[in-house]
Amino acid sequence: MLFDRPATTNPIDQMKVVGQHITRIDGPKKVTGTATYAYEWNHTNLNVAYGYPVGAGIAKGRISSMDIQAARNAPGVLAVVTAETAGKLSKGKMNAAKLLGGPEISHYHQAIAVVVAETFEQARAAASLIKVDYVRAPGSYDLEAAKDTAKKPEGSEGEDADTSAGNFDKAFAEAAVKFDQTYTTPDQSHAMMEPHSSLAMWDGDEVTVWTSNQMIAWNKSEMAITLGIDPEKVHIMSPFVGGGFGSKLFLRSDAVLAALGAKAAGRPVKLALPRPFVMNNTTHRPATIQRIRIGTTQEGKITAIAHESWNGNLPGGSLETAVAQTRLLYAGENRMTSMRLAALDLPEGNAMRAPGEAPGLMALEIAMDELAEQLNLDPVELRIINDTQVDPEKPERKFSHRQLVECLRRGAETFGWDKRNAETGRVKDGRWMVGMGVAAAFRNNMNMKSGARVRLDSEGVVTVETDMTDIGTGSYTIIAQTAAEMMGVTIDKVAVELGDSRFPASSGSGGQWGGNSSTAGVYAACVALRDAISQKVGFNSADVTFADGQIRSGNRSIALAEAAGKDGVVAEDTIEYGDLAEEMQQSTFGAHFVEVGVDMYTAEIRVRRMLSVCAAGRILNPITARSQVIGAMTMGVGGAFMEELAVDKRRGFFVNHDLAGYEVPVHADIPHQDVIFLDETDPTTSPMKAKGVGELGLCGVAAALSNAVHNATGVRIRDYPVTLDKLLRDMPQVG
Ligand code: MOS
């Protein structure tokens, strides 16, 4: 199905099942431990052996010698695989560095060997016996120091690095009010619960990998490239994923090492990256330096806005597109954005939840708060008077739907924003200095081609098969709701099978595109199934309805179970997109309101309450969508106050590579969170009229929190995370 015109009325608009508060259909499996995650596959007596990785102990250089003899001779060891013994391996198109390195080393903890043994403990013990000598090469590990060497990347990434409209320099020079500040955001780790894990099994020259991955079709083709085999010989299974946040978009070393280990040992091999590997062996959100300049009239109308961003990466790694939101969020005739990339020898920086906007808004939305203070304007009002309904860089392009102002007004009213004291450091509650903060939320909406197969059987059950993944987001449930709505059955008559590369290729889960795109693919397949059933029973598909488990035409009706017959009916289709997203700008909007307390003696920060108001197209399921936003807001608390991969700038690695040193928020850190969704349907995005929401919830949260700390204390921190040591330097004298 080609989607190239705005959707008109369709069966989804009935909203009998779609849009309803339906709890996760996979929930019982999750809470009873019967949802099988990658490392848990063993129930068919596979005679599994265990793999343990060895990571490079230097960040850059080469291996001069490697002694694996002791490991080979250790108890239970079945195989030791290194780059020397692995045979020809290629680098996947989506990885900056090889997933099995050696002799050249590209980054710290790049995998250089896998040890396979009868038990996990034997594999781990043997791995520790491998002796490696290195010749270290000098590397570059400090973004601040490398900033001046940063360049525009080659190719299309470089072409998109700079944008401009009007004449920024002139307008900024002439502006009545000028603002110019620089912010930094640190390297962050996805810190998902389930580490990267795989079980690989060979059958002749075909390999099956049970893994934990967001994008099955990418994984399959990258695996084929890496091993140098035909993609048709690769079978990927990833039905349950314990969180990804972008770290499982791409093929990673767990899957490659498991496959190599299984080949060498002649046995199925399972391997999970030990937690300390996750931080340095996989990807992370790269640190940024961001300069923001804004010029306004005396009344606060933006006349000039510039956002420049710098990040570093391994050769072949990409830009963090931290200026993305500044191109679209606020009006202003004269503008420029620019991104530059420095070469760093740290592990690869890549997508982490809302890549671009998440760190970009951490900077921009503090800048807006500072500007409001400078103008003596309420920060909500400053954002409202600079709203735009058109793409400010290309004013002939409209937003398909934009309710930023409504989000801000609704949030301000619900939260009690009028009780905020604009003067900082004024509100006290015992030993706590109390402050409120606001930030806009913005994240672009992307739509991806997505396919599905649906089958109606003689019991009247509809089964959906697609290689879509559910990374904790609720894919199983919204896909079941879509099929139930389209076929006129209750949700218990729908079965959903996901995460298998033998199923039609879907959008996968990434960039908050999965919800809208994968259900649109199921919609397309259901349209085909409706036609096939109509034809089979001799009804005219133009005037049939599907309701109450029946197909109806005029005064005739047939139960679906009967229509299916004993062979059932099956249909398959893929939703594909035309140019609508080029003609109109599709984005999602929101507003975050937060209240914090700061201990007036110790500068300890406590979140008191949080509210997010989101406008993101049709909400397919208010329970799963709310849960996405709550999780994202929580991640924003981490971004504001805790999360930072500490870089060893001499040796080139992330020091705090575990969940003891890399802190994330827990329940006790956030007493009260609420989410409001504005009513919205966007017919330009798909027949579902939905948009992404899973990443929107994170965008802007950290800035709102930082702004609240400033409101509480009068101290402005421009280097994340906002921690008490930074605050204490400038905390007001008490008393
Ligand atoms: Mo997302 S960072 O594209 O999983």
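Everything numeric here is computed off the predicted structure, so don't read it as measured data. (Residues numbered from 1 in each chain as written. Predicted model: local features only at pLDDT ≥ 70, side-chain atom pairs only at ≥ 80, totals over all residues. Heavy atoms only, no water.)

**Remarks on the overall build of the protein chain**
Part 1 of the argument: Counting its regular elements, the protein chain contains 19 helices and 30 strands.
Part 2 of the argument: Here the C-alpha radius of gyration of the protein chain, 27 Å, is about what a compact globule of 735 residues would show, namely 27 Å.
Part 3 of the argument: The principal-axis extents of the C-alpha atoms in the protein chain amount to approximately 80 × 75 × 50 Å.
Part 4 of the argument: The burial tally for the protein chain puts 62% of its 735 residues in the buried class.
Part 5 of the argument: Intrachain contacts of the protein chain at a sequence separation of at least 6 include 81% that bridge at least 24 residues.
Part 6 of the argument: Seen as two clouds, the 73 positive and the 89 negative side-chain charges of the protein chain have centres 2 Å apart. (Helix = DSSP H or I, 4+ residues; strand = E, 2+ residues; numbered from the N terminus. Rg over C-alpha atoms; globule rule 2.2 N^0.38 Å. Buried < 20%, exposed > 50% of the residue type's maximum accessible area, 1.4 Å probe, protein only. Contact = heavy atoms within 4.5 Å. Lys, Arg positive; Asp, Glu negative; His and termini not counted. Charge placed at Lys NZ, Arg CZ, Asp CG, Glu CD.)

**Focus: the pattern of salt bridges**
Part 1 of the argument: Across all of its chains, the model carries 41 salt bridges by this definition.
Part 2 of the argument: For the salt bridge of Lys689 with Asp13, the shortest nitrogen-to-oxygen distance reads 2.9 Å. Of the two residues, Lys689 is situated in the loop between strand E30 (673-677) and helix H18 (701-713) and Asp13 in the loop between strand E1 (2-3) and helix H1 (27-31); the sequence distance between them amounts to 676 residues.
Part 3 of the argument: Linking Arg409 and Glu381 is a salt bridge whose minimum nitrogen-to-oxygen distance equals 3.9 Å. On the criterion of sequence distance, the pair formed by Arg409 in helix H12 (residues 404-415) and Glu381 in helix H11 (residues 379-385) is long-range, its members being 28 residues apart.
Part 4 of the argument: Given the relative accessible area of 46%, Arg409 is considered partly exposed. (Salt bridge = Lys/Arg side-chain N within 4 Å of Asp/Glu carboxyl O.)

**Observations regarding the pairing of strand E26 (residues 587-599)**
Part 1 of the argument: Judged by how many residues are buried, E26 sits mostly within the fold: 13 of 13 residues are covered.
Part 2 of the argument: By the alternation rule, side chains of E26 split into Ser587, Phe589, Ala591, Phe593, Glu595, Gly597 and Asp599 and Thr588, Gly590, His592, Val594, Val596 and Val598, which are all buried.
Part 3 of the argument: In this sheet, E26 lies alongside strand E18 (residues 432-444) in antiparallel orientation, the contact comprising 13 bridges. Bridge pairing in E26 links Phe442 to Phe589.
Part 4 of the argument: Pairing geometry for E26 and strand E27 (residues 605-615), over 10 bridges, is antiparallel. (Pairing = 2+ DSSP bridges.)

**Examining the sheet that holds strand E24 (residues 556-559)**
Part 1 of the argument: Read across the sheet, three strands follow the order E22-E23-E24 without closing on themselves; strand pairing throughout is antiparallel. Looking along the sheet, the strands with just one partner apiece sit at the ends: strand E22 (544-547) and E24. This sheet shows a mean twist of 20° between the axes of neighbouring strands, independent of strand direction.
Part 2 of the argument: Of the pairings in the sheet, the one linking strand E23 (residues 550-553) to E24 comprises four bridges and is antiparallel in character. Its bridge partner being in E24, Ile551 is matched across the sheet by Ile558.
Part 3 of the argument: Contacting E22, E23 and E24, helix H14 (residues 514-537) runs over the sheet at an angle of about 110° to E22. (Axes fitted to C-alpha atoms, helices over the stretch in contact; angles between N-to-C directions.)

**Observations regarding the sheet that holds strand E21 (residues 494-497)**
Part 1 of the argument: The five strands are arranged E1-E25-E19-E20-E21 in an open sheet whose pairing can be described as mixed. In the strand order of this sheet, the two ends are held by E1 and E21, each with one partner.
Part 2 of the argument: The sheet contact formed by strand E20 (residues 462-465) and E21 spans four bridges and is parallel. Looking at the pairing, Glu465 lines up with Glu497 of E21.
Part 3 of the argument: Of the strands in this sheet, E20 and E21 are in contact with helix H13 (residues 475-487), which crosses E21 at around 140°.
Part 4 of the argument: Here H14 sits on the sheet in contact with strand E19 (450-456), E20 and strand E25 (569-577), set at roughly 140° to E25.

**Points about helix H3 (residues 120-127)**
The periodicity of an α-helix, 3.6 residues per turn, causes residues three or four positions apart to be oriented the same way.
Part 1 of the argument: Within H3 the residues assigned to the buried category are Ala123, Ala126 and Ala127. The buried residues of H3 occupy an angular sector of 100° when the element is viewed end-on, so they sit on one face.
Part 2 of the argument: The inward-facing, buried residues of H3 abut strand E2 (49-55), helix H2 (69-72), strand E4 (77-82) and strand E6 (111-117). (Arc of directions from axis to C-beta.)

**Some remarks on H12**
Part 1 of the argument: Helix length check: H12 (12 residues) gives 16 Å between terminal C-alpha atoms against 16 Å at 1.5 Å per residue, within 8%.
Part 2 of the argument: Among the residues of H12, those classed as buried are Leu404, Val405, Cys407, Leu408, Gly411, Ala412 and Phe415. Projection of H12 onto a plane perpendicular to its axis shows the buried side chains occupying an angular sector of 160°, all on one side.
Part 3 of the argument: For H12, the secondary structure elements touched by its buried residues are H11, E18, E26 and E27.
Part 4 of the argument: In the stretch just after H12, Gly416 is the one whose phi turns positive, near 80°. (Expected span 1.5 Å × (residues − 1).)

**Details of the packing of helix H17 (residues 622-641) against H18**
Part 1 of the argument: Between H17 and H18, the shortest axis-to-axis distance is 7 Å and the interhelical angle comes to 55°. Considering the angle they form, H17 stands oblique to H18. For H17 against H18, the interelement crossing comes out right-handed. Contacts between H17 and H18 pair Met633, Gly636, Val637, Gly639, Ala640 and Phe641 from the former with Val701, Ala702, Leu705 and Val709 from the latter.
Part 2 of the argument: A class-by-class count of the residues in the contact of H17 with H18 yields eight nonpolar, two polar and no charged. (Parallel < 35°, antiparallel > 145°, perpendicular 65-115°, else oblique. Left-handed = near helix turned anticlockwise from the far one by under 90°. Nonpolar A, V, L, I, M, F, W, Y, C, P; charged D, E, K, R; others polar.)

**A few points about the state of the cysteines**
Part 1 of the argument: Under the defined criterion, the tally for this structure stands at zero disulfides.
Part 2 of the argument: With no disulfide of its own, Cys407 lies closest to Cys614 among cysteine sulfurs, the gap being 6.8 Å.
Part 3 of the argument: A residue is classified by how much of its surface remains accessible, and Cys407, at 0% relative accessible area, is buried. (Disulfide = S-S within 2.5 Å.)

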